[in-house]
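Understanding the architecture of this molecule
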Amino acid sequence: MLKVKMVKLMLILITGIALPQLAAAQQQLTLKNALTFALQNNTKLRKAKLDIEGGRYKVEEVRAQALPTLSGTAGLTYNPIIGQQVVDFGGQLQTLKFGQKWNSSAGVQLSQQLFNQQVFTGLQAAKSSEEYYNLTSQLTEEQIIELVANNYYQVLVNRQQLNVIDTNIKNVKVVEKIVSNQYKNGLARKIDVDRINVNLTNLNTQREQVINGITQLENQLKFSMGMPVSTPISLPATELTEVTQLPVLTDSVDLTNRTEVKLLDNQDKLLALQRKAYVAEYYPSLSLSGNYTYSSQSNGFDFLNSNATAIGFGSSAIGLSLKVPIFNGFLTRSKIRQANVNIKKAQEDRKESTNSLNLAYENAKIQLRNNLNTINSQRKNANLAQEIYKSTQNNYNNGLASLTDLIDTENALTEAQNSYTQALLNYKVAEIQLIKSNGNIKSLVQ
């Protein structure tokens, strides 16, 4: 009885754990949820955040060069044979021993940079590097949002195409049943039945291809999100809504909010600091140093005057060190000139990048207008194709249209519906590009 109760209890616990996970697995994945998940789990974003952490440590590393350094030393020496020196005392040579068999010492050394322009400039550059990693992480976020959004709409479009194929298969099966009955009653030819079956087979084959394509796109979506590929997902069809009008479009775009421009600003700052660091090589440097050492000597084992017969004494020194560069074979001059070239190249990069960002905005506006016109045309075309198909199907049922006419109108309807769905996708992609051009790509997550 006890074992039975324990088994029941375990089943209840397992069921209680599995049900929330099953509910979560069956929950529909909206675009906002997909983007939020990606910002928390995408590997590239995690690495970018680790770069930010590494940048902070880099600042600490450079800052350490401006802080005082303190080190300690200790030593113990045994001299089995004490060295001697010959000394002349009034014309008489004598040998004298210097030192004891056991020598020990311990001390501390202190050094501090008082003035070193290269170190101070390096500290400024390290802080700018930390800002660079923050901007790089922000740019990576925007790129992941764009990628996930595009993949998301790709899945929706292909699922919509699957719905179109399923509807067409349903319609063809109705016709196939009618033709088969007519053939049995001698009112249709076998070739008509075969043609319907061929058409139905082609649709089923196309359906399998679309299903496989959807699976691949879903896997690509999950991969871009940082989600395990084996995780089941479900996307609501309402995310791919109809488009009736354009958003507000301006003649020009303000690029100050673009992360790419902020990165260019940061790059200019780093290049200027690099040049300043090279110029600082012309500057003198001043440093402070100090030390204290305590030594002990004895004929018996001794460490720091531990022997009663040992003789101990201390010594210390404080000094200033001034280093003035005079000539290094024009090495510094060459570095400065290289820095000047890099600054000029960065200016050219800014011009090209600014022009590229403006081009992307203008192209996005053109694409939106074109795609909206295409959507309106394809919507009307799909509605018209639907009407023609219904009319042709009715005429076929009444013997006023041929099977060829019915199949042709069915194919035309499929093509029109797929063209409309593709136009919606193209519009969504262009819309994402427009939002990105305005520097508001993160609004998709809000």
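Cut-off values and rules
- Sequence positions are assigned chain by chain, starting from 1 and proceeding in written order.
- Note on the predicted model: pLDDT of at least 70 is required for a residue's local features to be given, and 80 or more for side-chain atom pairs to be given and counted; whole-chain, interface and lining totals, by contrast, use all residues.
- As a convention, hydrogens and water are excluded, and side-chain values are obtained from all of the structure's heavy atoms.
- Every definition here rests on a 1 Å grid over the protein atoms only: cavities are sets of points where a 1.4 Å probe fits but cannot get out, pockets are open sets enclosed by protein on both sides within 12 Å along at least five of seven lines, and lining residues have some atom within 4 Å of a point.
- Grid points are joined across faces, edges and corners, and a volume is the space filled by probe spheres set on the points.
- A helix here means a DSSP run of H or I that spans at least four residues, while a strand means a run of E at least two residues long, and both kinds are numbered starting from the N terminus.
- Under the scheme applied here, ten amino acids are nonpolar (Ala, Val, Leu, Ile, Met, Phe, Trp, Tyr, Cys and Pro), four are charged (Asp, Glu, Lys and Arg), and all others, including Gly, are polar.
- Like-charged residues are merged into a patch within 9 Å and nonpolar side chains (Val, Leu, Ile, Met, Phe, Trp, Tyr) within 5 Å, provided each residue has over 30% relative accessible area and no salt bridge.
- Per-residue and other accessible areas were derived by the Shrake-Rupley procedure at a 1.4 Å probe size, with only the shown protein chains allowed to occlude residues.
- Whenever a carboxyl oxygen of Asp or Glu lies within 4 Å of a side-chain nitrogen of Lys or Arg, that contact is scored as a salt bridge.
- The aromatic pairing rule takes the rings of Phe, Tyr and Trp, using the six-membered ring of Trp, and pairs them if the centres are within 6.5 Å, calling planes under 30 degrees apart stacked, those over 60 edge-to-face and the rest tilted.
- Categorising residues by exposure relies on relative accessible area from a 1.4 Å probe, with only protein chains included: less than 20% of the type maximum marks a residue as buried, more than 50% marks it as exposed, and the intermediate range marks it as partly exposed.
- For helices, the fitted axis covers only the stretch in contact; all axes are lines through C-alpha atoms, and the angles between them, taken along N-to-C directions, range from 0 to 180 degrees.
- Just so you know how the angles are binned, under 35 degrees is roughly parallel, over 145 roughly antiparallel, 65 to 115 roughly perpendicular, and the rest oblique.
- Crossing chirality is assigned from the near helix's rotation relative to the far helix, an anticlockwise turn below a right angle marking it left-handed and a clockwise turn marking it right-handed.
- We call two residues in contact when some of their heavy atoms are within 4.5 Å.

Applying the stated rule across the entire model yields one cavity of 30 Å³ or more. What the largest cavity holds in volume is close to 40 Å³. If you go around the largest cavity, the residues you meet are Val172, Val175, Ile196, Asn199, Tyr389, Leu406, Ile407 and Glu410. Of all the secondary-structure elements, those providing two or more residues to the lining of the largest cavity are helix H4 (117–184), helix H5 (190–225) and helix H8 (403–437). Ranked by the residues each element gives to the lining of the largest cavity, the list is headed by H8, at three residues. Within the lining of the largest cavity, the residues separate by chemical class into six nonpolar, one polar and one charged.

Another aspect to go through is a nonpolar patch on the surface. A contiguous nonpolar surface patch, about 790 Å² in accessible area, is contributed by Leu114, Phe115, Phe120, Tyr282, Tyr283, Leu288, Ile318 and Leu320. Listed by contribution, the elements that provide at least two residues to the nonpolar patch are strand S4 (102–115) and strand S6 (311–323). Within the secondary structure, tyrosine 283 sits in the loop between helix H6 (259–279) and strand S5 (285–298).

The next point concerns the packing of aromatic side chains. Tallied over the full model, the rule gives six aromatic pairs. Seen in terms of ring centroids, tyrosine 78 and tryptophan 102 are 4.6 Å apart; in terms of plane orientation they differ by 40°. Their pairing is tilted. Pair noted here: tyrosine 78 is in strand S1 (residues 69–78) and tryptophan 102 is in strand S4, with a separation of 24 residues, a long-range link. With relative accessibility at 41%, the residue tyrosine 78 sits in the partly exposed group. Considering the side-chain rings of tyrosine 132 and tyrosine 133, the 5.6 Å spacing of their centres and the 65° angle between planes classify their relative orientation as edge-to-face. Overall, the relative accessible area of 36% leaves tyrosine 132 in the partly exposed class. Grouping aromatic residues by their ring pairs yields a cluster made of Tyr78, Trp102 and Phe301.

A few words now on the packing of helix H2 (residues 31–41) against H4. Between H2 and H4, whose axes approach to 10 Å, the crossing angle comes to 140°. As judged from the angle between their axes, H2 and H4 are oblique. As H2 runs across H4, the sense of the crossing is right-handed. Along the contact surface, H2 presents Leu31, Ala34, Leu35, Ala38 and Leu39, while H4 presents Glu141, Ile144, Ile145, Val148, Ala149, Tyr152 and Tyr153. For the contact of H2 with H4, the residue count by class is eleven nonpolar, no polar and one charged.

Any link to function would need more than the numbers given here.
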